[in-house]
Amino acid sequence: MQKFFVLLLLALPAVLLTVNTGASPFAFAAEDELDEELVDVETEDAAVVADETEPEDEPETTKSPDADTYLLFTRPLHASGSQLELPAGYPVEFLVGFTNKGMFEDFVVESVEASFRYAMDFSYFIQNFSAVPYNREVKPGHEATVSYSFLPTESFAGRPFGLNIALNYRDGRGNQFSEAVFNETVQITEVDEGLDGETFFLYVFLAAIVILLLVLGQQFLGSYGKRKRPTAARKVVETGTTSTKDVDYEWIPSETLKQLQNSPKGAPKSSPKQSPRQRKAKASVH
């Protein structure tokens, strides 16, 4: 009985697989092949969808067969065949030439506009510059030149951008045209001016700090030297009344002065000054 249950357990999965697939137990290989086919189909569909949803790199442009356009950068100068470098924070100037090759119709140059695009996909706009209207009429076989300028911001320095310059014009029948006269990747460069205002004030600040440190160092060394220098006691010499410059000898008789001079002690010591009355009184006494 136990053997019967074991056989039943072993045979039941095979019977269920056979009934569900409607084929032999070797249907696993067929399922694998079917899965591979489905995977191939899905990858092909995904590729088709990716091709359909991929954005266009080139912006839409229309051009008249009876018109020719030219572009010349005047600031900065640009050599053909090399990547254009635009200095950040400085104006960019260029000229757009238009030639009417037709024989009968007039053209009207309406405006010129410029814009920065994402370098990897020109359909994404980064910055639009103002369109300058001209509305200049160009006769058959004639030419016209218009100028345009814009200013790249300094925050774009060091980054590549797609530059699109479009010329908008129409013919005598009213057909509108918008031709991209320039549509390439440019590099926004940072201009090194040498000594700018911030650097100048930084140098002044550093110089002031150095001068302050020198003054403090000089004061510290001076005070330190004064502390270590011994203070010598000054000897006070008492001169007393040895000076005879302020003594008045007019009231002393000449005989007495001679005796004093001949004496070994020399001239008499100075005495305080007396008034004229005292001098006359003493003179009368003598």
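Up top is the structure these notes are about.
Only a predicted model underlies this, so the values are computations on that prediction, with no experimental measurement involved. Starting afresh in each chain, residues are numbered from 1 along the sequence in its written order. Restriction of local features to residues with pLDDT of at least 70 applies here, the model being predicted, together with a cutoff of 80 or more for giving and counting side-chain atom pairs; totals for whole chains, interfaces and linings are based on all residues. Side-chain numbers come from the whole structure's heavy atoms, not from hydrogens or water.

Chemist: Where do I start with the packing of aromatic side chains in this structure?
Modeler: Both the distance between ring centres and the angle between the ring planes are used here to describe each pair of aromatic rings. Classification of ring pairs rests on two measures: the distance between centres of Phe, Tyr or Trp rings, Trp counted by its six-membered ring, which must be within 6.5 Å, and the angle between planes, read as stacked under 30 degrees, edge-to-face over 60 and tilted in between. For the structure on display, the rule yields 14 aromatic pairs. One aromatic cluster is present, built from ring pairs that chain together Phe73, Phe94, Phe116, Phe129, Tyr148, Phe150, Phe156, Phe161 and Phe182.

Chemist: What should I look at first to understand the pairing of strand S3 (residues 92-100) in this one?
Modeler: Taken residue by residue, a regular strand's side chains alternate between the two faces of the sheet. Burial here depends on accessible area, computed with a 1.4 Å probe over protein chains only, as a share of the maximum for the residue type. Under 20% is buried, over 50% is exposed, and the range in between is partly exposed. Starting at the N terminus, helices and strands are each numbered in turn, a helix being any DSSP run of H or I of at least four residues and a strand any DSSP run of E of at least two. Most of S3 sits inside the fold, with 7 of its 9 residues counted as buried. Note on pairing: DSSP must find at least two bridges between two strands before they are called paired. As paired strands, strand S1 (residues 67-75) and S3 are joined by 8 bridges and run antiparallel to one another. Bridging across to S3, Thr69 finds its partner in Phe98. The pairing of S3 with strand S7 (residues 143-150) spans 8 bridges and is classified as antiparallel. Its bridge partner lying in S7, Thr99 is registered against Glu143.

Chemist: Just to check I follow, could you spell out unusual backbone geometry for this structure?
Modeler: The phi angle of most residues is negative, glycine excepted, and most peptide bonds adopt the trans form. With an omega dihedral of -5°, the bond running from Arg75 to Pro76 counts as a cis peptide bond. Tracing the backbone shows Pro76 in the loop between S1 and strand S2 (85-87). Look at Asn135: it is not a glycine, yet its phi comes out positive at around 50°. Considering the arrangement of structural elements, one finds Asn135 in strand S6 (residues 132-138). In this structure Asn135 comes out as exposed when scored by relative accessible area, which is 55%.

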